[in-house]
Amino acid sequence: VGGYTIKHKFDPMSQEKPLSGVISAFNQICLMIKGRARPVIAKKLGEEFGVDFSLLMRLLPNVSVLLPEHVRPVINVDAGEAMNARSVCFTLLRFVRVVLVSSPSHPVMLFLDDIQWADSTALDVIHTILSDAKTMGSYMFFVGTYRDNEVQVDH
């Protein structure tokens, strides 16, 4: 009771937009947090990101519900395309650290369906977040599913 479940279902078209599934999944949690731990998390996000908050907003537009006083930036391109994978990974990792550490009574379950369709960059970002020393053993649970009949032997 009280946890968050963020989810995304990959499909064959997911590979055309690298990281879109991962970004979509983490963008969901902002709306979930809004009603519960918003003041604490919003304060810590502000402290963590400071002047880089616009970078987080480009990546996760729903974060604006947590800190409505920040002006939403104008976005002309998809955030996943405009930012390189390393930058996306680092920004998501910082976000996840704040959310998990600030919410011990609200654990997060990340559920990714049909991960056989995820692009390699998305899998690398997920691996980085799940194996981060500051988030390991914290309040995150991962469930990933795949269809073994859709995966090649050498995958």
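Residues numbered from 1 in each chain as written. Predicted model: local features only at pLDDT ≥ 70, side-chain atom pairs only at ≥ 80, totals over all residues. Heavy atoms only, no water.

1. A short note on the overall build of the chain
This is how the line gets drawn: Secondary structure elements follow DSSP: runs of H or I no shorter than four residues count as helices, runs of E no shorter than two count as strands, and numbering proceeds from the N terminus. Residue contacts are counted whenever heavy atoms from the two residues lie within 4.5 Å of one another. Only the protein chains shown count as cover for residues, and all accessible areas are computed by the Shrake-Rupley method using a 1.4 Å probe.
Helices and strands together make up the secondary structure of the chain, namely 6 helices and 3 strands. When the helices and strands of the chain are listed from N to C terminus, the series reads β-α-α-α-α-α-β-α-β. A sequence separation of at least 24 residues applies to 78% of the contacts in the chain between residues at least 6 apart. Split by element, the accessible area of the chain, about 8,500 Å² in all, is 55% carbon and sulfur.

2. Notes on the packing of aromatic side chains
For clarity, the threshold we go by: Any Phe, Tyr or Trp ring, taking Trp's six-membered ring, that has another such ring centre within 6.5 Å forms a pair; planes under 30 degrees apart are called stacked, those over 60 apart edge-to-face, and the others tilted. Here, a charge over a ring is recorded when the distance from Lys NZ or Arg CZ to the ring centre is within 6 Å and its angle to the ring normal is within 35 degrees.
Inspection of every chain in the model, using the stated rule, returns 0 aromatic pairs. The positively charged end of Arg94 is found above the aromatic ring belonging to Phe49, 4.2 Å away from the centroid.

3. With respect to helix H1 (residues 20–33)
The cut-off we apply is this: What a helix should span is 1.5 Å times the count of its residues minus one. When a residue's accessible area, from a 1.4 Å probe over protein chains only, is under 20% of the maximum for its type it is buried; when over 50% it is exposed; and in between it is partly exposed.
Between its first and last C-alpha, H1 extends 21 Å over 14 residues, near the 20 Å set by a 1.5 Å rise per residue. For H1, the full list of buried residues reads Gly21, Val22, Ile23, Ala25, Phe26, Asn27, Ile29, Cys30 and Ile33.

4. What about the pairing of strand S1 (residues 4–9)?
This is how the line gets drawn: Note on pairing: DSSP must find at least two bridges between two strands before they are called paired.
With burial as the criterion, only one face of S1 is covered, namely that bearing Tyr4, Ile6 and His8; the residues Thr5, Lys7 and Lys9 on the opposite face remain uncovered. The pairing of S1 with strand S2 (residues 108–113) spans 6 bridges and is classified as parallel. For His8, the partnering residue across the bridge sits in S2 and is Leu112.

5. Structural notes on helix H6 (residues 120–131)
The condition that has to hold: It is the directions from the helix axis to the C-beta atoms whose arc is reported. Polar contact is the term for a pair of N or O atoms within 3.5 Å; when the atoms are in protein, one must be able to donate a hydrogen and the other to accept it, and sequence-neighboring residues count only if both atoms are side-chain atoms.
An ideal rise of 1.5 Å per residue puts 16 Å on 12 residues; H6 measures up with 16 Å between its terminal C-alpha atoms. Those residues of H6 that fall on the buried side of the exposure criterion are Ala122, Val125, Ile126 and Ile129. On an axial view of H6, the arc spanned by its buried residues comes to 100°, and they lie on one face. In H6, the exposed positions angled more than 90 degrees off the buried face are occupied by Ser120, Asp124 and His127. Capping the start of H6, Asp119 holds a side-chain oxygen 3.1 Å from the backbone nitrogen of Thr121, two or three residues further along.

6. Comments concerning unusual backbone geometry
Among all residues save glycine, negative phi is the norm, and among peptide bonds the norm is trans. With a phi close to 55°, Asp114 is a non-glycine residue in the positive phi region. By relative accessible area, which is 5% here, Asp114 ends up buried.

7. Focus: the sheet that holds S1
For the record, the criterion: Interaxial angle, 0 to 180 degrees, is taken between N-to-C directions of lines fitted to C-alpha atoms, where a helix line uses only the stretch in contact.
Spatial ordering of the open sheet is given by S1-S2-S3, a layout of 3 strands whose pairing is parallel. Two strands close off the open sheet at either side, each with one partner strand: S1 and strand S3 (140–144). Direction aside, the axes of adjacent strands within the sheet are offset by 15° on average. Across the sheet, H1 lies against S1, S2 and S3, angled at about 150° from S1, the strand it touches most.

8. Observations concerning the pattern of salt bridges
Applicable threshold: Within this document, salt bridges are pairs made up of a side-chain nitrogen of Lys or Arg and a carboxyl oxygen of Asp or Glu, the two lying within 4 Å of each other.
If you walk through the whole model with that rule in mind, you get 7 salt bridges. Between Lys9 and Asp113 there is a salt bridge; the shortest N-O distance is 3.3 Å. With Lys9 in strand S1 and Asp113 in strand S2, this pair connects stretches of sequence that are 104 residues apart. With a closest N to O distance of 2.6 Å, Lys9 and Asp114 form a salt bridge. Taken together, the residues Lys9 in strand S1 and Asp114 in the loop between S2 and H6 connect sequence positions 105 residues apart.

9. Notes on the side chain of Asp119
With respect to the secondary-structure elements, Asp119 resides in the loop between S2 and H6. Of note is the side chain of Asp119, whose polar atom sits 3.1 Å from the backbone nitrogen of Thr121. Polar contacts involving the side chain of Asp119 include one to the main-chain amide nitrogen of Ala122, which spans 2.9 Å.

Geometry only, nothing functional implied.
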